[in-house]
Amino acid sequence: MGTAHAQGPHDDTRPAVMSLKAAQTLLLDIGRAGDRLVAVGARGHVVYSDDKGDTWIQAPVPTRAMLTAVHFVDDRNGWAVGHDSLILRTSDAGESWEIQYRDPELEEAIDPDGPGLLEKPLMDVWFRDVNTGFAFGAYGLALRTDDGGETWNDITYDIDNQDGFHYNAITRVGEQGLFLVGEMGTMYRSRDLGETWETIEEMPYDGSLFGATGVGEEDVVFIWGLRGNMFRSNDFGDSWEQVELDTPHNGPLEATLFGGTATDDGKIVVVGAGGAVVTSEDQGQTFEVAFRPDRSTLATGKVLESGQVLLVGQRGAIKADSNGLPAQL
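Since the model is a prediction, treat every value here as computed from it, not as a measurement.

> Quick rundown of the overall build of the protein chain? Include the residues and the values.
What the protein chain contains, in helices and strands, is 1 helix and 27 strands. The C-alpha atoms of the protein chain give 19 Å as radius of gyration, which agrees with the globular expectation for 329 residues (20 Å, within 12%). In terms of principal-axis extent, the alpha carbons of the protein chain reach across some 55 × 45 × 35 Å. When the 329 residues of the protein chain are sorted by exposure, 57% land in the buried category. Of the contacts made within the protein chain by residues no fewer than 6 positions apart, 46% connect residues no fewer than 24 positions apart.

Below, the structure is given as structure tokens:
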């Protein structure tokens, strides 16, 4: 469908404001372009770091829309998604961005200033190579490209989601395929990297799921969501067991968990409301739960080569120790 441009208060085509404090404002996701870290968030902010999160540079971006997720397929080519079904692309490791797609319904609205505009934020994006990628979001919206994002096709009806539940996160699970989670405990898997999708019928939980990750181990996938609920599957979603997450005060974790990632060798970090940080050093066999002193909401985290953790959320990008706590000087 290509790039669609529309005017109006719901479709902010003004460029992001450049700010020295961009890395200290709300950030929602982190990607990795080779050795570079790239984070995205509110007001179209994109910041990148070449020193493992110690300092950040803001990139010029042609929108002020909220950016919710970013994914790099190699050390240069990446995509970010956000509100109003916005999709951006970079081919220089996040230093510059172009708009590839916007919600076409905004362009077709007779009265852009009137009520009733159907805003469909995209919540996650994943590419299997520089040509073929997928973006997922609210109301069951699913998009696919096979030409690096020059055109996007609506594949919403290729997935059995008749109620239009929101999709929140997609992850690759080793060589097994893709795993997609969303609202009301909905889960889908693709054994052929997005060509076909299968609904997981036996759901362990009917609350919203906000994140999922593989851990580099065959068939193993973790999912998580509201009120500290986390589950593990050893068979790519056929069966599940709940992960017991105990807080430092010996009570079960009740904070909602939002985003998280795992390294190739199975180190996991998952974060959430109230400054909650859940970490594992052993492919999810055991977990540690910590709360940051400021209790600010966190959106996701990434384990660095040093073993430290980079967190993003309400207060921007924060470098922390291996448990997500303030690093000791």
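> Lay out the side chain of R144 with the relevant residues and their values.
Within the fold, R144 resides in strand β11 (residues 142-145). When its relative accessible area of 13% is taken as the criterion, R144 is described as buried. Excluding anything up to four places from it in sequence, R144 contacts R128, T132, G133, F134, T151, W152, N153, I155, G194 and E195.

> Any chance you could break down the environment of G284 for me, citing the residues and the numbers?
Topologically, G284 is positioned in the loop between β23 (276-280) and β24 (288-291). Beyond its immediate stretch of four places on either side in the chain, G284 contacts F222, R232, G266 and I268.

> How would you summarise the sheet that holds strand β6 (residues 78-82) if you had to cite specific residues and measurements?
Within the open sheet, the 4 strands sit side by side as β5-β6-β7-β8. Their pairing is antiparallel. Two strands in the sheet have a free side with no partner beyond their single neighbour: β5 (67-72) and β8 (98-101). The sheet shows a mean angle of 30° between the axes of neighbouring strands, direction not considered. The pairing of β5 with β6 spans 5 bridges and is classified as antiparallel. Each bridged residue has a counterpart across the sheet, and for H71 the counterpart in β6 is W79.

> Mind laying out the pattern of salt bridges, listing which residues take part and the relevant values?
Counted according to the given criterion, the structure contains 14 salt bridges. A salt bridge links R172 to E175, with the shortest nitrogen-to-oxygen separation between them at 3.7 Å. A salt bridge links R189 to E198, with the shortest nitrogen-to-oxygen separation between them at 3.0 Å. Taking the relative accessible area as the measure of exposure, E198 reaches 34% and is therefore partly exposed. What you see here is one network of salt bridges that share partners, running through R128, R144, D146 and E195.

> Just give me the short version of empty space enclosed by the protein, but keep the residues and values in it.
Applying the stated rule across the entire model yields 2 cavities of 30 Å³ or more. As for the largest cavity, its lining consists of K267, I268, T279, S280, E281, V303, G307, V309 and S322. A breakdown of the residues in the lining of the largest cavity according to their chemical character gives 3 nonpolar, 4 polar and 2 charged.

> Tell me about the layout of surface pockets, residues and numbers included.
Considered as a void within the structure, the second largest pocket measures approximately 200 Å³ in volume. A per-class count over the lining of the second largest pocket returns 5 nonpolar, 5 polar and 4 charged.

> Requested: an account of the pairing of strand β26 (residues 309-313), with residues and values cited.
Most of β26 sits out of view: 5 of its 5 residues are buried. Burial of the side chains of β26 extends over both faces: V309, L311 and G313 are buried on one face and L310 and V312 on the other. Judged from the 5 bridges that link them, strand β25 (residues 298-303) and β26 form a sheet pairing that is antiparallel. Bridged to T300 within β26 is V312. Here β26 pairs with strand β27 (residues 316-320) via 5 bridges, running antiparallel.

> Describe the sheet that holds strand β16 (residues 198-199), with residues and values.
The antiparallel open sheet is built from 4 strands, whose spatial order is β13-β14-β15-β16. What marks the edges here is a single partner per strand, and that holds for β13 (167-173) and β16. The sheet contact formed by strand β15 (residues 187-190) and β16 spans 2 bridges and is antiparallel. Following the sheet pairing, R189 is matched in β16 by E198.

> Could you give an account of the pairing of strand β3 (residues 46-49), naming the residues involved and the relevant values?
Burial along β3 is two-sided: V46 and Y48 facing one way and V47 and S49 facing the other are all buried. In this sheet, β3 lies alongside strand β2 (residues 36-41) in antiparallel orientation, the contact comprising 4 bridges. Residue V40 lies in a different strand from β3, and its bridge partner there is V46. Note: β3 against strand β4 (residues 57-58), 2 bridges, orientation antiparallel.

> Please provide a residue-by-residue account of the nonpolar core, values included.
V46, L88 and W97 are the most contacted members of the largest nonpolar core, which has 18 residues in total. Take this core: its biggest share by element is 3 residues, from β5. Core analysis: the second largest hydrophobic core is formed by 16 residues, F222, L257, V278 and V289 among them.

> Can you explain the confidence of the model for the protein chain? Please cite residues and give values.
Predicted confidence across the protein chain gives a mean pLDDT of 91, with 91% of residues reaching 70 or more. The low-confidence segment residues 1-11, where pLDDT is below 50, has 36 contacts with residues more than four positions distant or belonging to other chains.

Cut-offs and rules
- Think of each chain on its own: its residues are numbered from 1, step by step along the sequence as written.
- Thresholds applied to this predicted model are a pLDDT of at least 70 for local features of residues and 80 or more for the giving and counting of side-chain atom pairs; totals over whole chains, interfaces and linings are not thresholded and use all residues.
- No hydrogens and no water enter the side-chain calculation; it runs on all heavy atoms of the structure.
- Each helix is a run of H or I in the DSSP string that is no shorter than four residues. Each strand is a run of E no shorter than two, and both are numbered from the N terminus.
- Radius of gyration means the value over C-alpha atoms here, while the globule rule gives 2.2 Å times the residue count to the 0.38 power.
- Only protein chains enter the calculation, and the probe is 1.4 Å; a residue is then buried if its accessible area is under 20% of its type maximum, exposed if over 50%, and partly exposed in between.
- The contact definition used throughout considers only heavy atoms, calling two residues in contact when any of these lie within 4.5 Å.
- Being paired, for any two strands, means DSSP has found at least two bridges between them.
- Every axis in this analysis is a line fitted to C-alpha atoms, fitted for helices over the stretch in contact. Angles between the N-to-C directions lie between 0 and 180 degrees.
- Salt bridge criterion: a side-chain nitrogen from Lys or Arg within 4 Å of a carboxyl oxygen from Asp or Glu.
- The pocket and cavity definitions rest on a 1 Å grid over protein atoms only: a 1.4 Å probe that fits but cannot leave marks a cavity, an open set with protein on both sides within 12 Å along at least five of seven lines marks a pocket, and residues lining either have an atom within 4 Å of a point.
- Grid points are joined across faces, edges and corners, and a volume is the space filled by probe spheres set on the points.
- Classification used: nonpolar for Ala, Val, Leu, Ile, Met, Phe, Trp, Tyr, Cys and Pro, charged for Asp, Glu, Lys and Arg, polar for all others including Gly.
- Nine residue types can take part in a nonpolar core, namely buried Ala, Val, Leu, Ile, Met, Phe, Trp, Tyr and Cys, and a core is a set of them joined through side-chain atoms within 4.5 Å.
- The predictor attaches a confidence to each residue, called pLDDT, with possible values from 0 through 100.

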